[in-house]
Amino acid sequence: MMAESRVPAGGTPEVPLAPPDRQPPDLELPQVRRKAGWAVMGLGVLAAEEILPAFGQAQRSRPVALVSGHADKARKLAEAYGIDETAVYGYEDGAALARNDAIDIVYVVLPNSLHAEHTVKALEAGKHVLCEKPMAVTSAECQRMIDAARAAGRKLMIAYRLHYEPFNMKVMELCRQGAIGRLKTFVSSNGQNTEAPNIRLSRDLGGGPVSDTGIYSINAARYVIGEEPVTVTATAHRPADDPRFREVPESVSYTLRYPSGVLAHCDTSFGVGVSRFFRVHGTEGFIDLHEAFAYRGQRLRLRRGSQREETLLLQPVNHFAAEMDHFSAALLDGGPVRTPGELGLADVRIIEAIDEAIRTGGPVEVAR
Ligand code: NDP
């Protein structure tokens, strides 16, 4: 409400000092938009420590259900996040989950060997699915998931959070624009010390460093180089004296060759202190992304020709909130998802080629 100002004869104009109806005159109210309802399935470290807290920063996504094999834990988390306790399900409660119309999307955060089975069930229950990486253990499973989404008329997205993260997105843009000339090589490493017990150390659960941490380099190589690799070579080490590595290798290094001649040299290990970076070399410079695959703390450096190295500063975001909101918006407003099942399948095909290259010792062509 605007109050009139009066000018007393010969004096300064009077203006209202306090807002007359006690409301700040330019108070910005949030735009109220519908939020998609999410069910989070598999309440382990990632779901409890990153995904559920991220809903607090999401604009288009809200948690409405949980699916777990441990009802006590699930009920505690439901209470903490304001989820109705009648919307806490076990893995066998598919029919009840299907009937809950508040659930638009199921987020599958299970061990890798369970991704395909539960994704297909959720799609058949009429829900859209965001499935964690790696999409599945085999390319045949990935294809089944894609087919199930098509048959159900539902969307399937793979949780490649770095496609929604500003620093990685900036590297994609710089490379596309030729900021460092023509690309020649890509060097990438993602490793951590994985303590037992851990799903990542079990072959039955689809563990192993390539599909867990190595997949980040495989995926980043694609979004940086903009091509699919044609052949891979790889070598692995499994220390005989470390009981953690009875079923999966400790370290793997692999080289991907692209049609344009770009080479990507990558390694991954479950036996090193946390280290996550990549460097792209072009004919006119290089780009470094430190903490490239971490949840936060990305640092981007660029050197062109003989210029001094520059640091590019960007506003960080919560990766999980950005990723979930992208999917919610694709459902609510219509539109494609940026990281569909086909992308997950392409990566699993490369992982299969790496496994074969380790077994045979020779270069292996990546299946199309
Ligand atoms: P955890 O081992 O911490 O959690 C897995 C959860 O799955 C368990 O807590 C359990 O939840 C459920 N589960 C159901 N069946 C089994 C089973 N047979 N054995 C073990 N757990 C079972 O794993 P994470 O949370 O670290 O990883 C889960 C998924 O998320 C993986 O696919 C991983 O690759 C991916 N991930 C992705 C990341 C990213 O940045 N995008 C980062 C970390 C992981 P409950 O008790 O509720 O049934």
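One structure accompanies this document, and this report is about it. Since the structure is predicted, the reported quantities are computational estimates derived from the model, not experimental observations.

### Comments concerning the overall build of the protein
- Of regular secondary structure, the protein possesses nine helices and 15 strands.
- When the backbone C-alpha atoms are referred to their principal axes, the protein occupies close to 95 × 60 × 40 Å.
- Within the span of the protein, comprising 368 residues, buried residues form 49% of the whole.
- Residue pairs in contact within the protein that sit at least 24 positions apart in sequence constitute 67% of those at least 6 positions apart.
- With the model as given, the accessible surface of the protein reaches about 18,400 Å², and the carbon-plus-sulfur share is 51%.

### Some points on the sheet that holds strand S4 (residues 105-108)
- Taken in spatial order, the six strands of this open sheet run S3-S2-S1-S4-S5-S6, and their pairing is parallel. In this open sheet, the two strands that pair with only one neighbour each are strand S3 (88-89) and strand S6 (156-158).
- Pairing analysis gives four bridges linking S4 to strand S5 (residues 128-131), with the strands arranged parallel. Residue pairing for S5: isoleucine 105 is matched across the bridge by histidine 128.

### Here we look at the pattern of salt bridges
- Within this structure, the stated rule accounts for 15 salt bridges.
- Ionic pairing is found between glutamate 50 and arginine 296, a salt bridge with its closest N-O pair at 3.0 Å. Here glutamate 50 is found in helix H1 (residues 45-54), whereas its partner arginine 296 is found in the loop between strand S12 (285-290) and strand S13 (299-304), with 246 residues between them in sequence.
- Given a relative accessible area of 13%, glutamate 50 falls into the buried group.
- Overall, the relative accessible area of 54% leaves arginine 296 in the exposed class.
- With a shortest N-O distance of 3.5 Å, lysine 170 and glutamate 173 are connected by a salt bridge. One end of the pair, lysine 170, and the other, glutamate 173, are both in helix H6 (residues 166-176), three residues apart, so they sit about a helical turn from each other.
- Taking the relative accessible area as the measure of exposure, lysine 170 reaches 21% and is therefore partly exposed.
- Members of the salt-bridge network, linked through shared partners, are Lys133, Arg200 and Asp212.

### Re the pairing of strand S10 (residues 263-269)
- Here strand S7 (residues 183-193) runs beside S10; their pairing, made up of seven bridges, is parallel. By the bridge assignment, valine 187 is partnered in S10 with histidine 265.
- Bridge count for strand S9 (residues 251-257) against S10 is seven bridges, and the pairing is antiparallel. The partner of threonine 255 across the bridge, within S10, is histidine 265.
- Hairpin connection from S9 to S10: five residues lie between these consecutive antiparallel strands, with glycine 261 at a positive phi of about 100°.

### Some points on the layout of surface pockets
- Looking at the largest pocket, its volume works out to about 1,100 Å³.
- Around the largest pocket sit 41 residues that line it, and Val45, Leu46, Ile199, Arg200 and Tyr295 are the ones nearest its centre.
- Per element, the largest residue contribution to the lining of the largest pocket is five residues, and it comes from H1.
- Among the residues making up the lining of the largest pocket, the classes are represented as 18 nonpolar, 13 polar and 10 charged.
- When its volume is computed, the second largest pocket comes out at roughly 540 Å³.
- Together, 25 residues line the second largest pocket, and Arg203, Gly207, Gly208, Pro249 and Asp355 are the ones closest to its centre.
- Per-element accounting of the lining of the second largest pocket gives the leading share, six residues, to helix H9 (residues 341-360).
- Residue composition of the lining of the second largest pocket, by class: 12 nonpolar, seven polar and six charged.

### Things to note about the environment of glutamate 124
- In this fold, glutamate 124 is placed in helix H4 (residues 115-124).
- Judged by relative accessible area, which is 62%, glutamate 124 ranks as exposed.

### Observations regarding the state of the cysteines
- Following the criterion strictly, the structure yields zero disulfides and no others.
- Counting only cysteine sulfurs, cysteine 131 is the nearest neighbor of cysteine 142, a cysteine outside any disulfide, at a range of 8.5 Å.
- Left unpaired, cysteine 175 is separated from the closest cysteine sulfur, that of cysteine 266, by 14 Å.
- Judged by its relative accessible area of 9%, cysteine 175 falls in the buried class.

What counts as what
- Residues numbered from 1 in each chain as written.
- Predicted model: local features only at pLDDT ≥ 70, side-chain atom pairs only at ≥ 80, totals over all residues.
- Heavy atoms only, no water.
- Helix = DSSP H or I, 4+ residues; strand = E, 2+ residues; numbered from the N terminus.
- Buried < 20%, exposed > 50% of the residue type's maximum accessible area, 1.4 Å probe, protein only.
- Contact = heavy atoms within 4.5 Å.
- Areas by Shrake-Rupley, 256 points an atom, 1.4 Å probe, with all protein chains shown as cover.
- Pairing = 2+ DSSP bridges.
- Salt bridge = Lys/Arg side-chain N within 4 Å of Asp/Glu carboxyl O.
- 1 Å grid on protein atoms, 1.4 Å probe; cavity = no way out; pocket = protein on both sides within 12 Å on 5 of 7 lines; lining within 4 Å.
- Points joined across faces, edges and corners; volume = space filled by probe spheres on them.
- Nonpolar A, V, L, I, M, F, W, Y, C, P; charged D, E, K, R; others polar.
- Disulfide = S-S within 2.5 Å.

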